[in-house]
Amino acid sequence: MAERRKVIVIDDDPTGSQTVHSAPLLLRWDPDSLRRGLRHPSLLLFVLANTRALEPEAARERVREICRGLRLVLAELEAAGELDRWLVVSRGDSTLRGHFPLEVDVIAEELGPFDATLLVPAFLPGGRTTRGGVHYLHGEPVHTTDFARDRLFGFSSSFLPQWVEEKTGGVIPAEAVERFDLTELDGPAEAQQARLDNFSAQRVVAVDAERPEQLEALGEAVWRSKRRLLFQSAASLINGLVPLPPQPLDRSGLAALRRCDASGERLPVLLVVGSHMPLADQQLEQLLKEPACEGVEISVTKLARVLESPMAPELIRSLEQSWLAQLQAALDQGSTPVLFSSRGELVCASAEERRRFGLALAALMARLAAALAPQLGLIISKGGITTHTLLADGLGLDGVELQGQLLPGLSVVLTPADATVPGLPVITFPGNLGDASGLRQAWRLMAQEATAWS
């Protein structure tokens, strides 16, 4: 009888499923939700923790809560003979931003001990590769890009052992980080397994990767190994751990998920752009050149002033009604409304203030999108925090079903049949993905007629 396996991905935003398909994505982690997710026929389960949006202590407590729920349900399913073996992946950003090592430390405390943590930041469809321990974005060391200058998660080195030393404040020195290089990944399977079997004492191991076959070889060695391994990775490792058949729906099949009215006419599309990465700015600029797209801008400076006012709740309600009216007017004209926050980053006094404002902005955008959702055929949401808040809070969902990838790294999820707005497709568009035309291309593929496929 085949070993009953599950790979559990604790995802720090809702975009980490960007290389797979046909899997449940949980937005809640109570025992019943975890039980349903672990019993899903997919070998994958994603738990969308959204920790990248949180302060470190709040992120720590959320991961702890998820792990304690998992520990309870995993023990129950193992005792019942429903599960033989499981792995845990802490899925983080492929440009090295996030709460490392905080999240893997908590996972190790609650679900460990583990013999080693494998650090695998490659996201191959997005041009994120690792060679010689150095992580690259389209051939450029990632520390030279805008992502390394992130105000919350910035860093100064692309050499992963040095990055680990920086992020751990020297607790794990660079020379203590082991490396699993391309030569080993291209070598004999027996040598790969022997290397894994030699790990102990919760060693951190930086893993190279440039081709899918290398991660597939690593995945096979992981399952053969008897060591308990934990993973801090981007999306591509997941394909190595769980090889999947081709996704059931191609691009035209995904486009056909767009909801229709009773007469069969396709319902309109809403785009929500919350990401403030320079790439998102470029994509928004290109999108708004489309005559059919009508921008509705939320001024972040105005919103910040309002949030500081003693009359904030009343003022926010008034502003929401104004923005909602603009969005509705665009729909009534037959245009595609594009809800976006004004460009440029708001200067905040502290990281805590910046996160608090970011969550307030995401919540506002989620409420506006949810108010329009019953009349929509599709939502395209740009930015991880924006998308998570839309799904979990705006639409009030416990989970969604991943359908597949419209473009490399661009997931399409579907709201469940018992949702307030059932069968609504949402494209989860990472803030750091694509080129300047990417957002416009996704809109054209999902929003235009069949001629767009030529």
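Source: prediction; values computed, not measured. (Residues numbered from 1 in each chain as written. Predicted model: local features only at pLDDT ≥ 70, side-chain atom pairs only at ≥ 80, totals over all residues. Heavy atoms only, no water.)

### Here's the deal with the overall build of the protein
- The helix and strand tally for the protein stands at 15 helices and 18 strands.
- Here the C-alpha atoms of the protein give a radius of gyration of 22 Å, agreeing with the 22 Å that 2.2 N^0.38 yields for 454 residues.
- Dimensions along the principal axes, computed over C-alpha positions, put the protein at roughly 65 × 50 × 45 Å.
- Here the protein holds 454 residues, and the buried ones make up 57% of them.
- Long-range pairs, those at least 24 residues apart, make up 75% of the contacts in the protein with a sequence separation of at least 6.
- Element-wise, carbon and sulfur atoms account for 51% of the exposed surface of the protein, whose accessible area totals about 18,100 Å².
- For the protein, the distance from the average site of its 45 positive side-chain charges to the average site of its 58 negative ones is 1 Å. (Helix = DSSP H or I, 4+ residues; strand = E, 2+ residues; numbered from the N terminus. Rg over C-alpha atoms; globule rule 2.2 N^0.38 Å. Buried < 20%, exposed > 50% of the residue type's maximum accessible area, 1.4 Å probe, protein only. Contact = heavy atoms within 4.5 Å. Areas by Shrake-Rupley, 256 points an atom, 1.4 Å probe, with all protein chains shown as cover. Lys, Arg positive; Asp, Glu negative; His and termini not counted. Charge placed at Lys NZ, Arg CZ, Asp CG, Glu CD.)

### Digging into the nonpolar core
- If you look at the biggest cluster of nonpolar residues, it comprises 73 residues, and the most contacted ones within it are Leu118, Leu218 and Leu241.
- Broken down by element, the residue count for this core peaks at 9 residues, all from helix H13 (residues 351-372).
- Look past the residues within four positions of Leu118 in its chain and what remains in contact with it is Leu196, Val205, Val207, Leu218, Leu229, Leu230, Phe231 and Gln232.
- Judged by nonpolar contacts, the second largest core, of 44 residues, contains Leu26, Phe147, Ala148 and Phe155. (Core = buried A, V, L, I, M, F, W, Y, C linked by side-chain atoms within 4.5 Å.)

### Concerning the sheet that holds strand S7 (residues 134-137)
- The strand order across the open sheet formed by 3 strands is S6-S7-S8, and the pairing between neighbours is antiparallel. The sheet is open, and its two edges are formed by strand S6 (128-131) and strand S8 (140-141), each paired on a single side.
- In this structure, S6 lies alongside S7, joined through 4 bridges in antiparallel fashion. In the strand pairing of S7, Thr130 is matched with His135. (Pairing = 2+ DSSP bridges.)

### Focus on the packing of helix H11 (residues 300-308) against H13
- As a packed pair, H11 and H13 sit with axes 11 Å apart at the nearest point and diverge in direction by 105°. In terms of their interaxial angle, H11 and H13 are classed as roughly perpendicular. Facing H11, whose interface residues are Val300, Leu303, Ala304 and Leu307, H13 presents Phe357, Ala360, Leu361 and Leu364.
- Looking at the contact of H11 with H13 residue by residue, the class counts come to 8 nonpolar, no polar and no charged. (Axes fitted to C-alpha atoms, helices over the stretch in contact; angles between N-to-C directions. Parallel < 35°, antiparallel > 145°, perpendicular 65-115°, else oblique. Nonpolar A, V, L, I, M, F, W, Y, C, P; charged D, E, K, R; others polar.)

### Here we look at the packing of H13 against helix H14 (residues 384-394)
- At their nearest, the axes of H13 and H14 sit 8 Å apart, and the two run at 55° to each other. Taken together, the axes of H13 and H14 are oblique relative to one another. For the pair H13 and H14, the crossing hand works out as right-handed. On H14, the residues touching Leu359, Ala362, Ala363, Ala366, Ala369 and Ala370 of H13 are Ile385, Thr386, Thr389, Leu390 and Gly394.
- For the contact of H13 with H14, the per-class residue count stands at 8 nonpolar, 3 polar and no charged. (Left-handed = near helix turned anticlockwise from the far one by under 90°.)

### So, the pattern of salt bridges
- Across all of its chains, the model carries 34 salt bridges by this definition.
- Within this structure, Asp11, Asp12, Asp13, Arg52, Arg91, Asp93, Arg97 and Asp150 form a network of salt bridges that share partners. (Salt bridge = Lys/Arg side-chain N within 4 Å of Asp/Glu carboxyl O.)

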